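# Summary of structural features
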Amino acid sequence: MTAAKIIINEIKGYHRFLQAMIVLVGLGVLASAVRFIFGLGATTHLNDTYPWGLWISFDVVTAVPLAAGAFTIGVVAHVFHIKKLEPLVRPAIITGFLGYSLVCIGLLLDLGQPQRGWHTLVYWNLHSPMFEVSMCVMAYTTVLTLEFLHPVCERFGWHVPLRLLRNLEVPFAVLAASISSLHQSSLGTFFLIAVDKLHNLWYNPLLPLLFILSAIFTGLSIIIFEATLVHRYLRQPDETELLQTLTKIIPWFLGLYLVVKLYALAYLSHGPRFDRPGLTALFLLEMVGGVVVPMVIFSLKRTRTDSSLQLRAATLVLAGLILNRFNVSMFGMIQKNQEIYFPSVIESLVTLGIIAAHILFFVLISKYFPVFEHHPETVDYAIPDRFHKIEGSEEGDKTVKA
Amino acid sequence: MNAGGSYENTKAFLIDTTKCTGCRGCQVACKQWNQLEGEKTHFFSGEGYQNPPQMSEYTFTRVKFKDYKKNGQNEFAFYKEMCMHCNEPACASVCPVGALKKTAEGPVVYEADKCIGCRFCMMACPFGVPKYEWSKAFPLVRKCTGCYSRIKNGLHPACATACPTAITYGTRAEMIKEAENRIKNRPQRYYPKIYGQHEAGGTGVLYLTHQPLDELGFKPVTSRPLPSYTWQALRMVPGIFLTVGGSLSALSWFTHRKERIKREEEMLGKGRSPEAEAHEDREERP
Ligand code: SF4
Ligand code: SF4
Ligand code: SF4
């Protein structure tokens, strides 16, 4: 059998859902090709009134906080050293790695001159939030790639780099958190320049703080979301007990966010706030549905042990976050009597393709690499050790065939 | 950027809309000088009589027509729309690669070779000036250049040269003085405010009008320079990086320390293995 045949046979064995994802990714790739051949103007609904559309609002501004799971759980598990949460770290890193790689792709697709992307590395402008974010995203994608090498080395039994990576785990967690707090907040700084453009419901000088706070509770929620779904659909162990710790942390951050948000709205915003019913509705939906309700659910005693309640609350948080980022980067920017922007077919296909690629690669990676079978209890993290064969690696080899 | 300095000696346009006849000589001169393609347009495609309906990749400046009623009579007001050449331009501050720059002479210029096409400048500009080459596969930004190449050679901008009545060109201090004089000398002719004197922290284009500014469609813009809004957050970046990094490092050192000590004690209890000794050697080094 040739390699191609092996691959085709392998794919034939996949679940229908995965095959659908492959089709979506394919369509996305095709749509991106069309975008490059015909140009942004012809293939998107962007124009001089809407220089930014779906790709910036979702693929960048929303996707970055959605990928925040890796750094938040890294801090909880490695820095606060809550060892039992270790099994949650690796899936989160995979999600983060995929998320950030796809953010880079989304960003490149949106640039008018993608072949010049490297210019940010050469021509610095320290006053530009976009410069700051692109540097951070590049740095963090590198960190995530290194962290992702972990299961890869395990899979192929490369012991020397593996030993090195294990020792770097804690420094990486710290680095990830510092870089993340910078660019997650700087995404909010983007919109500080939109004085008199972004509606007062969202425009306030604390926007960067609100962005990092919401990234933290979103990162924790996405871990719950992911672990629960993975348990249900990929037949992985039930982690409800571990997630319990997270459900105790999240309401604090939701509460803090709420306080800062209300304070900013009351004292730091200027001008009318509730003058446009459409925007007010969006705002209330985001705040009540995405912050207050999940905060209440997460604080319930029952949620500690009830995985479907956890899932529901986490889903609400995620939906609220997505709405918030769209409110800030798109809806809140629409001026009175301005035409309304809708993404074009090509724009939508590309974004769908990116989401599908995320799900697809996540499932595939966990199929072929030791993601959930990671047993950190057996490993000595605290003290640097000699370069020798690592216990548990044979096990890693075995699980590959599963 | 002219770090916090004064912009008195940068060059500025004084556009007296009460003297503008709507001839659109500036529009044509700008197209000619910058070799901009013509646009196929038709009347009433935009607001009122103005044509083309808005600035675009082909149109760096355009005369806006505003009809209004005065003593029951239909009247026109005209004003020339162009890049304001802000003292502290928002477009330049947000550009990740610094493709836009405020020159010492005044114009805010664009280096096309640097631009990566992120369109942040278009988002940031409070006057909606930078436009994009939507017609191209690899588009760049286009906007009024302030005729930088002409100024460098001692000429005045093409539009200011072509204008028979309304545009005066000179240093910003002179232009403000001139505008103030006109307002003082003919108070019934002028609305007592110079648009651009304080808008967005001061701009290189100043307008005099007869009617109130908002009636003419001038956007109210904050008088604080826009880059300061983002800088107040961005300047904290190094501090945040060090604080978060430092405190988390310290924290992890403590949380891991307990474990390390425990393990060492265990080992002592068990008697030393050669491996444990190797660890300690390493640990004892300062
Ligand atoms: S008007 Fe807009 S494009 Fe012109 S200098 Fe100011 S911010 Fe830049
Ligand atoms: S589009 Fe070009 S000029 Fe404008 S901000 Fe981006 S890189 Fe700078
Ligand atoms: S200054 Fe030059 S580029 Fe700008 S509007 Fe006038 S002629 Fe056009």
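Cut-offs applied
Per chain, residue numbering runs from 1 following the sequence as it is written. Lettering of chains starts at A and numbering of ligands starts at 1, both following the order in which they are written. Confidence filtering applies because this is a predicted model: local features only for residues at pLDDT of at least 70, side-chain atom pairs given and counted only at 80 or more, and all residues used for totals across whole chains, interfaces and linings. With hydrogens and water set aside, each side-chain value is computed from the structure's full complement of heavy atoms. Note on terminology: near, applied to a residue and a molecule or strand, indicates that one of the residue's heavy atoms is within 4 Å of it. Under the convention adopted here, Pro, Cys and the residues Ala, Val, Leu, Ile, Met, Phe, Trp and Tyr are nonpolar, Asp, Glu, Lys and Arg are charged, and Gly plus all remaining residues are polar. Fitted lines through C-alpha atoms serve as axes, helices being fitted only where they are in contact, and the angles separating the N-to-C directions of these axes extend from 0 to 180 degrees. For the purposes of this entry, the term helix denotes a DSSP run of H or I that reaches at least four residues, the term strand denotes a run of E that reaches at least two, and both are numbered from the N terminus. Crossing chirality is assigned from the near helix's rotation relative to the far helix, an anticlockwise turn below a right angle marking it left-handed and a clockwise turn marking it right-handed. Contact between two residues is taken to exist if any of their heavy atoms lie within 4.5 Å; hydrogens are not considered. Basic side-chain nitrogens of Lys or Arg form a salt bridge, by our definition, when they fall within 4 Å of a carboxyl oxygen of Asp or Glu. Where each domain starts and ends comes from a domain assignment, either automatic or drawn from a database. The pLDDT score gives, residue by residue, the confidence of the prediction method on a 0 to 100 scale. Exposed residues in this analysis have more than 50% of their type's maximum accessible area, buried residues have under 20%, and partly exposed residues fall in between, with area computed by a 1.4 Å probe over protein chains only. Here, any two strands with at least 2 DSSP bridges between them count as paired. UniProt positions are given in the numbering used here, feature names are shortened, and annotations may be inferred rather than shown by experiment. Here a helix's expected span is defined as the number of its residues, less one, multiplied by 1.5 Å. At every residue, the bend is computed as the angle between two fitted axes, covering the seven residues ending there and the seven beginning there respectively. What qualifies as a polar contact is a pair of N or O atoms within 3.5 Å, subject to a donor-acceptor requirement within protein and to the restriction that residues adjacent in sequence count only when both atoms come from side chains. Any angle that falls under 35 degrees is termed roughly parallel, while one over 145 is termed roughly antiparallel, one within 65 to 115 roughly perpendicular, and all others oblique. What counts as buried area is the accessible surface, traced by a 1.4 Å probe, that two parts surrender upon association, with contributions from both included.

Here the focus is the site of ligand 1. In the neighbourhood of ligand 1, 14 residues make up the surrounding shell, with Cys83, Met84, Cys86, Cys91 and Cys125 of chain B lying closest. Looking at the shell around ligand 1, its residues break down into 12 nonpolar, 1 polar and 1 charged.

For the rest of this paragraph, the subject is the packing of helix α11 (residues 240-268) of chain A against helix α13 (residues 307-329) of chain A. All names here are of chain A. It is at 11 Å that the axes of α11 and α13 come closest, and there the two elements cross at 35 degrees. For the crossing formed where α11 meets α13, the hand is left-handed. Across the interface between the two elements, Thr240, Leu243, Gln244, Thr247, Leu254 and Tyr257 from α11 touch Ser307, Gln310, Val317 and Asn324 from α13. Along the lines of polarity and charge, the residues of the contact of α11 with α13 split into 4 nonpolar, 6 polar and no charged.

Before going further, it helps to spend a moment on the pattern of salt bridges. For the structure shown, the criterion picks out 11 salt bridges over all chains. Of the charged contacts, one joins Glu154 of chain A and Arg166 of chain A as a salt bridge, the two residues approaching to 3.0 Å between their closest N and O atoms. One end of the pair, Glu154 of chain A, is in helix α8 (residues 129-156); the other, Arg166 of chain A, is in helix α9 (residues 159-190), and 12 residues separate them in sequence. Residues Glu199 of chain B and Lys193 of chain B are paired through a salt bridge, measuring 3.0 Å at the closest nitrogen-oxygen approach. Residues joined by salt bridges that share partners form a network here, namely Arg90, Glu154 and Arg166 of chain A.

Next up on the list: the domain arrangement of chain B. One can read the domain layout of chain B as domain 1 (11-225) and domain 2 (237-283). Of note, the centres of domain 1 of chain B and domain 2 of chain B, computed from C-alpha atoms alone, are 63 Å apart.

Now for the confidence of the model for chain A. Taken residue by residue, chain A gives an average pLDDT of 88. The fraction at 70 or more is 92%. pLDDT under 50 marks residues 380-402 of chain A. Its contacts with residues more than four places away, or in other chains, come to 45 contacts.

Looking now at the pairing of strand β8 (residues 167-171) of chain B. All names here are of chain B. The buried fraction of β8 is high, at 4 of 5 residues. In this structure, strand β1 (residues 11-16) lies alongside β8, joined through 5 bridges in antiparallel fashion. The residue bridging Phe13 from the neighbouring strand is Tyr169, located in β8.

Turning our attention to the pairing of strand β9 (residues 205-208) of chain B. Residue and element names in this part refer to chain B. Side-chain alternation along β9 places Val205 and Tyr207 on one buried face and Leu206 and Leu208 on a second face that is also buried. Here 4 bridges tie β1 to β9, and the two strands are oriented parallel to one another. Pairing of Ile15 across the sheet is with Tyr207, part of β9.

As a further point, take the UniProt feature "binding site: [4Fe-4S] cluster 2" (unreviewed entry) in chain B. Residues and elements named next belong to chain B. Mapped onto the present numbering, the UniProt feature "binding site: [4Fe-4S] cluster 2" (unreviewed entry) falls at Cys30, Cys144, Cys147 and Cys159. Across 130 residues, the annotated set stays spatially compact, with a maximum C-alpha separation of 10.6 Å. In this structure, Cys144 is in contact with Phe60, Met82, Cys83, His85 and Val108, ignoring residues within four places of it in sequence. Mapped onto the secondary structure, Cys147 falls in the loop between β7 (141-142) and α4 (148-152). Overall, Cys147 belongs to the buried group, its relative accessible area being 7%. For Cys147, the contacting residues outside a window of four places in its chain are Trp33, Pro157 and Ala158.

What follows covers the site of ligand 3. Lining the immediate environment of ligand 3, one finds Phe13, Cys30, Asn34, Thr61, Lys80, Cys144, Thr145, Gly146, Cys147, Pro157, Ala158 and Cys159 of chain B. In the shell around ligand 3, the residues fall into 7 nonpolar, 4 polar and 1 charged.

For the rest of this paragraph, the subject is α8 of chain A. Residues and elements named next belong to chain A. Between its terminal C-alpha atoms α8 stretches 40 Å, which fits the 40 Å expected from 28 residues at 1.5 Å a residue. Along α8, the sharpest kink reaches roughly 25 degrees, centred on His150 and followed within four residues by the proline Pro151. Put simply, Ser128 is the residue that caps the front of α8, since its side-chain oxygen is 3.2 Å from the backbone nitrogen of Met130. Positive backbone phi, approximately 65 degrees, marks Gly157, located one or two places after α8.

Attention shifts here to the UniProt feature "binding site: [4Fe-4S] cluster 1" (unreviewed entry) in chain B. All names here are of chain B. The feature "binding site: [4Fe-4S] cluster 1" (unreviewed entry), as annotated in UniProt, sits at Cys20, Cys23, Cys26 and Cys163 in this numbering. For this annotated set, covering 144 residues, all C-alpha atoms fall within 10.7 Å of each other, a compact arrangement in space. Once residues lying within four places of it in the same chain are set aside, the contact partners of Cys26 are Thr61, Val63, Lys80 and Cys159. Along the chain, the position of Cys163 falls in the loop between α5 (158-162) and β8.

This next bit is on the packing of helix α6 (residues 86-110) of chain A against helix α14 (residues 345-368) of chain A. Residue and element names in this part refer to chain A. Their axes nearest at 10 Å, the elements α6 and α14 cross at an angle of 150 degrees. Relative to α14, the element α6 lies roughly antiparallel. Judged by the twist between their axes, the crossing of α6 over α14 is right-handed. Side by side, α6 and α14 meet where Pro91, Ile94, Thr95, Leu98, Gly99, Leu102, Gly106 and Leu109 of the first sit next to Val350, Ile354, Ala357, His358, Phe361, Phe362 and Ile365 of the second. Class assignment for the residues of the contact of α6 with α14 results in 11 nonpolar, 4 polar and no charged.

Below, the discussion takes up the sheet that holds β9 of chain B. All names here are of chain B. Read across the open sheet, the 3 strands follow the order β8-β1-β9; overall the sheet is mixed. What marks the edges here is a single partner per strand, and that holds for β8 and β9. For this sheet, the mean inter-axis angle between neighbouring strands, taken without regard to orientation, is 25 degrees.

Looking now at the interface of chain A and chain B. In this complex, chain A contributes 65 residues to the contact, which on the side of chain B involves 60 residues. A combined buried area of about 5,500 Å² lies between chain A and chain B, and 64% of that area is made up of carbon and sulfur atoms. At the surface where chain A touches chain B, the tally comes to 1 salt bridge. Among the salt bridges present, the one from Asp110 of chain A reaches Arg119 of chain B, with a minimum N-O distance of 2.8 Å. Summed over the shared surface of chain A and chain B, the result is 26 residue pairs in polar contact (both at pLDDT 80 or more). At the level of secondary structure, the elements contributing two or more residues to the side of chain A that touches chain B comprise α2 (16-38), α3 (40-43), α5 (69-79), α7 (119-122), α8 and α9 of chain A. At 11 residues, α9 of chain A tops the list of elements feeding residues into the side of chain A that touches chain B.

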